[in-house]
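Descriptive analysis of the structure
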Protein chains: 2
Amino acid sequence: MTESSKEISVQNATAANTGGHTFCMLNSLGLDSLTTENTENVLNEALSAIVEHFGADHGYIVLKDDKGELVNVASTYRGEQGEAQMTASDAVIDKVMETSAAVLVENAMQNPEFVGDVSFQRFNIGTAICVAIKTSQSTAGVIYIDSTGSKWDNSHLEVLDFIGRYMGLALSEVRWQKKQRENKRLIATGTAALQLSHSVKNMLQMIGGAAEIVDFGLRTNQIHRVKKSWEILKPNLERMRKYTLEMLDYSKDRPIKPANCNFNRII
Amino acid sequence: MTESSKEISVQNATAANTGGHTFCMLNSLGLDSLTTENTENVLNEALSAIVEHFGADHGYIVLKDDKGELVNVASTYRGEQGEAQMTASDAVIDKVMETSAAVLVENAMQNPEFVGDVSFQRFNIGTAICVAIKTSQSTAGVIYIDSTGSKWDNSHLEVLDFIGRYMGLALSEVRWQKKQRENKRLIATGTAALQLSHSVKNMLQMIGGAAEIVDFGLRTNQIHRVKKSWEILKPNLERMRKYTLEMLDYSKDRPIKPANCNFNRII
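Residues numbered from 1 in each chain as written. Chains lettered and ligands numbered in written order. Predicted model: local features only at pLDDT ≥ 70, side-chain atom pairs only at ≥ 80, totals over all residues. Heavy atoms only, no water.

**Section: the overall build of chain A**
Along chain A, the regular secondary structure elements total eight helices and five strands. Seen in sequence order, chain A has helices and strands lined up from the N terminus as α-α-α-β-β-α-β-α-β-β-α-α-α. Taking all 267 residues of chain A together, 47% fall into the buried category. Sequence-distant contacts, at least 24 apart, represent 60% of the contacts inside chain A between residues at least 6 apart. As displayed, chain A offers around 14,000 Å² of accessible surface, 50% of which is attributable to carbon and sulfur atoms. (Helix = DSSP H or I, 4+ residues; strand = E, 2+ residues; numbered from the N terminus. Buried < 20%, exposed > 50% of the residue type's maximum accessible area, 1.4 Å probe, protein only. Contact = heavy atoms within 4.5 Å. Areas by Shrake-Rupley, 256 points an atom, 1.4 Å probe, with all protein chains shown as cover.)

Right under this line is the structure:
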C-alpha cells in the first residue's frame, strides 16, 4: 500500500462520521430483519427510504411470484398523487428482468431505446433507474424509481444496484427458510430411511430367504417346511408393513386446521 | 414530508457521487459473489478493504467451524508486521459471540472491563471494534479490527456492525446452498416415498390380506387355499422388496472417487 492510499483510508474512516448519507440510508433499510411474515412491510419501508434518498417521484418493487408472474409488492409516491397509476415502464422492467443488468434511462421521453413505451410521455418522466433484485438462483425482481426531473447518473445507478443485490441476499435468506420448513419432513423421511437402511435390509433378507423355502415347500408338498419358514416370514412381514406405513405416515404434511374448542375442558 | 427534508434527500442523492467513501468500500467487498469455493479468498479481500477503510492496524475474521470452535479464517496486517501474532482480545471476541452485540473498546489498555486480557497491553492497542457476523440462525463469527491509535467512535461501530450483518447474510446464502446440495437426495427420497405412497399401500394391503389366508390355511391344513394365496403374496413381496431396496439405494450419498483412466477408450 502506498502512502497516499493510506492517507485516503484514514479520511474514509472519518467520512462515515460526517458525510455517510448513503450509508445511513443503507443501514436504515432493515433488510436483515426480513421474514416471511413482514416481507411486504419491510420492503415498503425500504422503498420509502430509497425514494426519499434519491429524491425520486415514484418507486416500485416488483417481484416474480410462484407462477413466474411479476407482481408489484411495494409502491411509493412522493407528494400527493396518492393512488396514482403505475408510472413504471414495462419495457425497462422486462429488459432488467431479462439481462439482470441495471438500467439508467436519461432523457426518458427522448430515449430512442424505449420510444415505443408510452409511460415516459404519459407521466412526463425525465430519468428512471431500474436494477435487478438478484439472488444466486435467479433474478427475483426489480427496484424501479423515476423522476420528472433529470438528476441521476451512474453513481446513483451503482448505489441502487448495490441495494438490489443486498435485497436479493435478504430475500433469498427468507426463501431458503421457507423451503427448509417445507422440506423438513421430507428430509426427516429420507434420513430415517438411510438410518434404518441396515435393519430394513436384514428384514428383506429374512423375508426373501423364508419366502423361497415356503415357495419350494409348496411346490414339493413339504408342508412341514412351509410351516417352519412361515413362522419366520410372518413376523418379519408385519415388521416390514409397520415400518413402511410409519415412514409414509411421517413424511406426510398435515395442514393445521384451527377450530373452536372449549379451552377449559382441554386443560 | 416537509420542504426541508426534501432538500436533504436531494443532497443525499448527490452524496453518493462525491462523498460516498463508505458506500464505495461496501460496494467493493464483493460479498454477494461468495461461494463455498471462494469463501476464504473473498473474506480475505473483504477484510483488506475493511482494514484499509478504517485505517486499522490489524483485522481478523473469525468463524465457528462445524464443531462450534472459533477459527481465524482471515487476517490482515497493515505495515510490515507480516506473520505477526494474533493481537485480537479473546475476551472481546467471546463477549461478542455470546451477546452478538457490537463492541467498541476505547482506551483499550485502561479499559476496566477487559483489564484481565493481556492482548491490549502486549500489542499496545488503543482502540478495537468487534462485531458479530449474524445469520438468522445464530452468530456465525466476528469481524475484529484494532489500532494502536485511538480514532474510532460509535459511527465506525455502526458501519462495521452493518458489514457484520451483511456478511452474515452472504455467508448464510452459501451455507443454505451447501445444505441444499447435501439434502438433495434426502428430499428426493422423501418426495418419492410420498408419491409412491398410494401404490405402496396397495401392495401392503394385498400382502396383508394374502398373508392372513396363508396363515389360516396352514393352521387348518387347507393347503389348496395356502397355494392360491401364495400366488398373490409372492409377486407382491418381490415388488415390495424391489421398491424398498431401490428407495434405500437412491437415498444413499455416493462420494466421488476420482481415478486415472484411459480417456480415449471411454469415448
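**Digging into the pattern of salt bridges**
Under the defined criterion, the tally for this structure stands at 14 salt bridges over all chains. Among the salt bridges present, the one from R165 of chain A reaches D32 of chain B, with a minimum N-O distance of 3.1 Å. Taken together, the residues span two chains, with R165 of chain A in helix α6 (residues 154–219) and D32 of chain B in the loop between α2 (21–28) and α3 (39–54). Of the residues examined, R165 of chain A reaches a relative accessible area of 18% and is grouped as buried. Overlapping salt bridges bring together D32 of chain A together with D161 and R165 of chain B as one network. (Salt bridge = Lys/Arg side-chain N within 4 Å of Asp/Glu carboxyl O.)

**Considering the packing of aromatic side chains**
According to the stated counting rule, one finds 15 aromatic pairs over all chains in the structure shown. Arranged with centres 5.4 Å apart and planes meeting at 70°, the rings of Y166 of chain A and F162 of chain B form a pair that is edge-to-face. With Y166 of chain A in helix α6 and F162 of chain B in helix α6 (residues 154–219), this residue pair bridges two chains. For F162 of chain B, a relative accessible area of 0% translates into the label buried. Through successive ring pairs, a cluster of aromatic residues spans F23, F162 and Y166 of chain A together with F23, F162 and Y166 of chain B. (Phe/Tyr/Trp six-rings, centres within 6.5 Å; stacked < 30°, edge-to-face > 60°.)

**Some thoughts on the nonpolar core**
Membership of the largest hydrophobic core comes to 73 residues, with the highest contact counts inside it found for I163 and M167 of chain A together with I163 and M167 of chain B. If near-sequence neighbours (up to four positions away) are discounted, I163 of chain B is found in contact with M25, L26, L29, I50, F54 and I143 of chain B. Residues M203, V226 and L233 of chain A together with V214 of chain B belong to the second largest nonpolar core, which totals 32 residues. (Core = buried A, V, L, I, M, F, W, Y, C linked by side-chain atoms within 4.5 Å.)

**Some details on the packing of helix α2 (residues 21–28) of chain A against helix α3 (residues 39–54) of chain A**
Residues and elements named next belong to chain A. Interhelical geometry of α2 versus α3 gives an angle of 165° and a closest axis separation of 9 Å. In terms of their interaxial angle, α2 and α3 are classed as roughly antiparallel. Pair α2 / α3 crosses with right-handed handedness. In this structure, α2 contributes H21, T22, M25 and S28 to the contact, and α3 contributes A49, H53 and F54. Classifying every residue of the contact of α2 with α3 by side-chain character gives three nonpolar, four polar and no charged. (Axes fitted to C-alpha atoms, helices over the stretch in contact; angles between N-to-C directions. Parallel < 35°, antiparallel > 145°, perpendicular 65-115°, else oblique. Left-handed = near helix turned anticlockwise from the far one by under 90°. Nonpolar A, V, L, I, M, F, W, Y, C, P; charged D, E, K, R; others polar.)

**Looking at the pairing of strand β4 (residues 127–134) of chain B**
Residue and element names in this part refer to chain B. For β4, the buried fraction is high: seven of the eight residues fall into the buried class. Inspection of the sheet shows strand β3 (residues 103–105) paired to β4 by three bridges, in the antiparallel sense. Its bridge partner being in β4, V103 is matched across the sheet by C130. Summarising the sheet, β4 and strand β5 (residues 139–147) pair through eight bridges and their orientation is antiparallel. Each residue of the ladder has a partner; that of I129, found in β5, is I145. Hairpin connection between β4 and β5: a loop of four residues separates the two successive antiparallel strands. (Pairing = 2+ DSSP bridges.)

**Details of the sheet that holds strand β1 (residues 58–64) of chain A**
Residues and elements named next belong to chain A. Taken in spatial order, the five strands line up as β2-β1-β5-β4-β3 in an open sheet, and their pairing is antiparallel. Unpaired on one side and paired on the other, β2 (70–77) and β3 (103–105) mark the two borders of the sheet. Adjacent strand axes in the sheet meet at a mean angle of 15°, parallel and antiparallel pairs treated alike. Relative to strand β5 (residues 139–147), β1 is paired through six bridges, and the arrangement is antiparallel. Note that in β5 the partner of V62 across the bridge is V142. Set on the sheet, α3 makes contact with β1, β2 and β5; between it and β2 the angle comes to about 50°. Here helix α4 (residues 90–99) sits on the sheet in contact with β1, β2, β3, β4 (127–134) and β5, set at roughly 145° to β5.

**Describing helix α4 (residues 90–99) of chain B**
All names here are of chain B. All of the buried residues along α4 are V92, I93, V96 and M97. Burial along α4 is one-sided: seen end-on, the buried residues are contained in an arc of 135°. The exposed residues of α4 that point more than 90 degrees off its buried face are D90 and E98. Among the structural elements, β1 (58–64), β2 (70–77), β3, α5 (119–123), β4 and β5 are those in contact with the buried residues of α4. Directly beyond the C-terminal end of α4, a positive phi value near 55° is found at S100. (Arc of directions from axis to C-beta.)

**Considerations on the environment of R165 of chain B**
A C-alpha to C-alpha distance of 5.6 Å links R165 of chain B and I133 of chain B, two positions 32 residues apart in sequence. Engagement of the side chain of R165 of chain B in a polar contact is seen with the side chain of D32 of chain A, the distance being 3.1 Å. (Polar contact = N/O pair within 3.5 Å; in protein donor to acceptor, adjacent residues only side chain to side chain.)

**Here's the deal with the confidence of the model for chain A**
The pLDDT averaged across chain A works out to 83; a share of 86% of its residues lies at or above 70. Predicted confidence for residues 1–19 of chain A stays below pLDDT 50, and this span has 24 contacts to residues more than four positions away or in other chains. (pLDDT = per-residue confidence, 0-100.)

**Description of a nonpolar patch on the surface**
A cluster of nonpolar side chains, namely F263, I266 and I267 of chain A, defines an oily patch on the protein surface of about 390 Å² accessible area. On the secondary structure map, I267 of chain A appears in the segment after α8 (263–266). (Patch = residues over 30% accessible without salt bridge, like charges linked within 9 Å, V, L, I, M, F, W, Y side chains within 5 Å.)

**Focus: unusual backbone geometry**
Residue and element names in this part refer to chain A. Even without being a glycine, N107 presents a positive backbone phi close to 45°. Within the element layout of this structure, N107 appears in the loop between β3 and α5 (119–122). Backbone geometry at N221 places phi at a positive 60°, although glycine is not the residue there. Within the secondary structure, N221 is located in the loop between α6 and α7 (223–251).

**Some words on the side chain of T87 of chain A**
Residue and element names in this part refer to chain A. Of note, T87 is situated in the loop between β2 and α4. Overall, T87 belongs to the buried group, its relative accessible area being 2%. One polar contact links T87 to H58, side chain to side chain, over a distance of 3.2 Å. A distance of 2.8 Å separates a polar atom in the side chain of T87 from a polar atom in the side chain of D146. When near neighbours in sequence (up to four residues on either side) are disregarded, T87 contacts H58, Y60, S119, F123, Y144 and D146.

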